[in-house]
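Analysis of the macromolecular model
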Amino acid sequence: MTELTVDKTRLTLVQGDITVQQVDAIVNAANSALRGGGGVDGAIHRAGGPDIMAECRRIGGCPPGQAVRTTAGRLSANHVIHTVGPVWSGGDAGEPDLLASAYRRSLEVAAAHGARTVAFPSISTGVYGYPKDLAAETALDAVTTAVINLDIDQVRFVVFGDDDLEIYQRAMQARASE
Ligand code: ADP
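Residues numbered from 1 in each chain as written. Predicted model: local features only at pLDDT ≥ 70, side-chain atom pairs only at ≥ 80, totals over all residues. Heavy atoms only, no water.

A word on the side chain of Ser-106. Relative to the assigned elements, Ser-106 resides in helix H3 (residues 95-112). For Ser-106, a relative accessible area of 0% puts it in the buried group. With residues up to four places along the chain from it excluded, the contact list for Ser-106 reads Val-27, Ala-67, Ile-81, Thr-83, Ser-101 and Phe-120. (Helix = DSSP H or I, 4+ residues; strand = E, 2+ residues; numbered from the N terminus. Buried < 20%, exposed > 50% of the residue type's maximum accessible area, 1.4 Å probe, protein only. Contact = heavy atoms within 4.5 Å.)

Turning next to the pattern of salt bridges. Side-chain pairs of opposite charge can arise whenever the charged atoms involved come near each other. Summed over the entire model, instances satisfying the criterion amount to nine salt bridges. Notably, a salt bridge pairs Glu-137 with Arg-175, separated by 3.0 Å at the nearest N-O pair. One end of the pair, Glu-137, is in helix H4 (residues 132-147); the other, Arg-175, is in helix H5 (residues 162-176), and 38 residues separate them in sequence. Residue Glu-137 is classed as partly exposed on the basis of its relative accessible area of 35%. (Salt bridge = Lys/Arg side-chain N within 4 Å of Asp/Glu carboxyl O.)

Turning to the sheet that holds strand E3 (residues 25-29), a few remarks are in order. Taken in spatial order, the seven strands of this open sheet run E1-E2-E7-E6-E3-E5-E4, and their pairing is mixed. At either end of the open sheet lies a strand with only one pairing partner, and these are strand E1 (3-6) and strand E4 (67-71). Neighbouring strand axes in the sheet, compared pairwise and without regard to direction, differ in orientation by 25 degrees on average. Taken together, the six bridges between strand E2 (residues 9-15) and strand E7 (residues 154-159) define a ladder with parallel strand orientation. Looking across to E7, one finds that Gln-15 is bridged to Val-159. Sitting on the sheet, helix H2 (residues 50-59) is in contact with E4 and strand E5 (79-83), with an inclination near 140 degrees to E4. (Pairing = 2+ DSSP bridges. Axes fitted to C-alpha atoms, helices over the stretch in contact; angles between N-to-C directions.)

Don't take any of this as a statement about function, it's just geometry.
Here it is, written out as structure tokens:
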């Protein structure tokens, strides 16, 4: 199971590098200072070039659960949506709401800029330590709810590791048979 349809939007799943996806908008798992870092953030800035960071500096920052848009530099996408997921600290500090908000706000900002295809990494599941299975459930729930009100044709979940692929496949399968 690598595809689900919600209302008019296709949710798809691929394993690979988000920077090479042919989509209108790529979502970055950024930090609040928008200063780049390791993981997917580092990969996007390396592949996209310095224009993206210059714009991040002008914007200045982004609180957890929110999202901001920059151009995509050398990437084939038109937009990078920088969102900030929560740092996992046990689950009782509002992490699920913040993670859901990061997905929802990213889609709202992307749609406001006319993006109709949007690729997401698995936000917060790297350095930020969010359990991968819980994060996948929240990601799918949040996206499923958000797209109902937005003109988005496709949301692509781009997973990196084999474990993430299996987790997302299971979660999508469960939703397909509901
Ligand atoms: P966070 O700080 O939000 O946890 P990370 O970048 O550390 O963000 O990790 C988020 C997820 O992105 C992890 O599952 C990681 O394996 C994955 N990832 C890292 N590099 C890439 C990439 N180039 N494309 C897609 N996903 C990536």
